[in-house]
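Residues per chain, in single letters:
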Amino acid sequence: MPLRDKNILENKVKTNSGFKKFKKILLRTIMWLVVFLLFLAISLQIPFVQTWIAQYATDKLNESFGTHISIDKVGITVFGGVKMKGVLILDHHNDTLVSVETVRTNLLSFRNIGKNKFQFGKLNAHALNFHMKTYKGENSSNFDVFVRALDNGKPGDGSFRLTADDIYVAGGHFRLTNENAVTHRVLDFKKLSGQVQNFLIKGPEITADIRKLSLLDHRGLFVENLTAGFSYTRTHITLNKAELKTSESELMGDISLAYTKEHMKDFINLVPFDFDVTRATVSSNELNLFYPEFGKNQKYYLSTHLTGPLNNFVLHDLKLLDDKHSEIIGTVNFQHLFDKKGPGFYMDANFSRVTSQYANLRGIMPRILGKSLPEVLERFGKIDLVGHVVLTKEDLKTKMYVMSQLGEARADLDIKGYNLPDDAVYTGSIDLEGFNLGAITDAKNVGVATLHADVDGKGFRKESLNTVVKSSVSGFVYNGYNYKDVTVDGRFRWPYFKGRLNSNDPNLRMSFDGLVDMSQRTNNYDFHAQVDYADLALLKIMKKDSISIFKGDLLFEASGNNINDIAGTLQISRLSYQNSRDSYFFEDFFVSSSFDANNERTISINSQDIIEGRVTGKFDVNEVSKIFQNGLGSLYTNYTPFKIKKGQYLDYDFTIYNKIIDILFPDIVVSKDTRLHGKVQGDNNEFVLAFNSPNIDAAGNIFNNVKIDVNNKNPLYNTYISVDSMRVKNYKVSDFSLLNITQ
């Protein structure tokens, strides 16, 4: 065999021998590796080993980053499955930050744990307790401090990450508190259960997709289901496309909170919300858990865009309906809803439309407002309201238009203390259009009014009313007549008026200037009234005649509460009166009433056109006719007198002129210097009357020199009548006399 071939053969033998040796070594290595893995797997299944590994890992973690993490028991599989019991993370004050009874999960990358990246697939947490807390005097929460420790620990690369594809929580509890805030407890959710996907903690930031979550708020509201895209940073919390459902309410929208560390110290006053409510059905029963000022069993259907902190938020583009068909549309700013002290409730609203009734409106509004609504609004029936309203617990400023079943009204008012009807102070203007004032005032003779009024005064009740009014009245129905074109400028204090009134109504042209004061123990009157034209028939003051036109200039100055005690003077100048029979003119008419020290009254009348004379005595005007009837009736033995007050008497002496007789008795004409005088005693029925007239024409019957004497106490005769001559139809009589004696 050639030497060359021999060498080749030897080399092949050596190569085969080396390959077999390498193969043997490889097989042994694999076998030992499998044995090691089996040993490792078996060892890792031993609770003692697993717990030792967990404690070793947490000790290293705590040593490296200054954290306080402990785990009671750990179970790990070679495929990355992990089960932990008794997980506890303490904060920098050694108080609980996170605790979990049981956690089941699987680690997707062991290698990344060393890089502060925890990647989990599915994670189940039972009895999870997460308390995010900011301690007194600190600016960062315990969670921020914990994350900074992992980010900026001794290596300090700021790379902490925790992810989970799916998290299932049962029996959880989340709290957010801030000891620097006015109210320490910000959020407190118990009975947390549900599913969260795509969970990520990136440094101090948290994002997640909440697929299903139920919870119990510390106020007592149980949320059956919440879904949203959740995000938390040091300056924002957002819930995108949130859908929330409770036993009585449902809500859809986007929620965002923007804040700083300083804001969190006063959460309700400084942390602004941006809450776009797409659609919501809200129960007043559940709303009362947060703000207990609403009625029971109310349902509100609404959409709005809420901005601002809880104690000063604005409802933009509010559209609210209730189950009784009330409707509120507009933009409303609420302030101080959650203040225990301070100025209290505040509302600034621009209403595009409010449609409701009094009872429904009280139910919709918070009790603090509903109780303040005056009951008189119930008479308005259904109302439609548009305008601007600024409302507090005590004050109201409004510029609005109201259409109701009573009519239309516009108000531009500023009212201080509107809920104190006796002390309320107000200024502004009111316009009424076809408004039924009678329905408001319970005055049957008052009807519809159309007017403009500027007011400046105090008090809503008639007993406390004290206001200056400047008003122009386009229409005002009183006693069935619609007065038009009337102006009023004066002060009202019920029952008091001092000022001016002018009427240019076609049937009442007059002016009034003066005082009517019935607010004191004794009423006072001091006014001047110029009546240029008054059609008393069309005004429905005179109903017995189709024509009744009055003109005159009146001056009245008097005091008294009724016709029996009034004292003063009434002067009427250039008085004229027209009825269906004739027209009458009187130059002057003067009446005075006075009382002496013995309370004896004297009424004097002075008018050369009507009557002149006086009455003196003590008498009740309402019983004068009965006193005279009793006196005349005493002439007859079978007469039964009226019962009258004791101590009444009067003496009278009048000169009567024809014009007054013509008005009262149009078929009778008396001559000048006709005189009537006498006296009446009510207690003993004494009756004395003397009548003298030079001439009387009664429906064409002529009587000359008529004398009538009546004296029921005269022992000779009771009645004496004499007439010099008379013409009665076809008869003429001279020297007629008649005596009557009652036995």
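Within each chain, residues carry numbers counting from 1 in the order of the written sequence. Given that the model is predicted, a residue must reach a pLDDT of at least 70 before its local features are reported, and side-chain atom pairs must reach 80 or more before they are shown or counted; all residues, however, enter totals for whole chains, interfaces and linings. Side-chain calculation: all heavy atoms of the structure are included, whereas hydrogens and water are not.

A.B. asks: Explain the environment of Ala258 here, please?
C.D. replies: Along the chain, Ala258 turns up in strand β11 (residues 250–258). Here's how the labels work: a residue is buried when its accessible area is under 20% of the maximum for its type, exposed when over 50%, partly exposed in between, all with a 1.4 Å probe on protein chains only. The exposure class assigned to Ala258 is partly exposed, which follows from its relative accessible area of 29%. Here the alpha-carbon distance between Ala258 and Pro272, two residues 14 residues apart in the chain, equals 6.0 Å. Put simply, DSSP marks the helices as runs of H or I at least four residues long and the strands as runs of E at least two long, and each gets a number from the N terminus on.

A.B. asks: Is there a simple way to explain the pairing of strand β17 (residues 383–392) in this structure?
C.D. replies: Regular strands show a simple pattern: their side chains alternate between the two faces of the sheet. Burial of β17 is extensive: eight of the ten residues sit out of reach of the surface. Pairing analysis gives nine bridges linking strand β16 (residues 346–356) to β17, with the strands arranged antiparallel. Its bridge partner lying in β17, Tyr346 is registered against Thr392. Across nine bridges, β17 lies against strand β18 (residues 395–404) in antiparallel orientation. Note that in β18 the partner of Ile383 across the bridge is Ser404. Strands pair, by our definition, only if DSSP identifies at least two bridges between them.

A.B. asks: How do you make sense of the pattern of salt bridges when you look at a structure like this?
C.D. replies: Pairs can form between side chains of opposite charge once their charged atoms are near each other. Salt bridges are defined by distance alone: a side-chain nitrogen of Lys or Arg within 4 Å of a carboxyl oxygen of Asp or Glu. Under the counting rule described, the total for this entry stands at 14 salt bridges. A salt bridge links Lys645 to Asp620, with the shortest nitrogen-to-oxygen separation between them at 2.7 Å. Here Lys645, found in the loop between α10 (624–633) and β33 (649–656), pairs with Asp620, found in the loop between β32 (611–618) and α10; they are 25 residues apart in sequence, far enough to count as distant. By relative accessible area, Lys645 is classed as partly exposed at 48%. Two residues, Glu686 and Lys679, come together in a salt bridge whose shortest N-O distance is 3.5 Å. Residue class for Lys679 comes out partly exposed when judged on its relative accessible area of 34%. Here the salt bridges share partners, and the residues they tie into one network are Asp95, Lys133 and Glu179.

A.B. asks: Is there a simple way to think about the side chain of Asp188 in this case?
C.D. replies: Position of Asp188 among the secondary structure elements: in strand β7 (residues 185–202). Engagement of the side chain of Asp188 in a polar contact is seen with the side chain of His173, the distance being 2.7 Å. Two residues qualify as a contact provided that any one of their heavy atoms is within 4.5 Å of a heavy atom in the partner residue. Once you skip the residues sitting within four places of it in the chain, Asp188 turns out to touch His173, Phe174, Arg175, Leu216, Asp217 and His218. Here a polar contact is recorded for every N or O atom pair within 3.5 Å, except that within protein the pair must consist of a potential hydrogen donor and a potential acceptor, and residues adjacent in sequence are included only if both atoms are side-chain atoms.

A.B. asks: Explain the side chain of Asp322 to me, please; I cannot follow it from the model alone.
C.D. replies: With respect to the helices and strands, Asp322 occurs in strand β14 (residues 312–322). His is not counted, nor are the chain ends, whereas Lys and Arg count as positive and Asp and Glu as negative. For the buried Asp322, no salt bridge exists, and the shortest N-O distance to an oppositely charged side chain is 6.4 Å, to Lys324. Within the structure, Asp322 has its side chain in polar contact with the backbone nitrogen of Lys324 (distance 3.0 Å). At 3.0 Å, the side chain of Asp322 forms a polar contact with the backbone nitrogen of His325.

A.B. asks: I would appreciate a short explanation of the pairing of β11 in the present structure.
C.D. replies: Where strand β10 (residues 236–246) meets β11, eight bridges bridge the pair, whose relative direction is antiparallel. Across the sheet, residue Ile237 finds its bridge partner in β11, namely Leu257. A loop of three residues connects β10 with β11, the two strands running antiparallel in sequence. The pairing of β11 with strand β12 (residues 273–283) spans eight bridges and is antiparallel. Residue pairing for β12: Gly253 is matched across the bridge by Val277.

Read these as layout, nothing more, since geometry by itself doesn't imply function.
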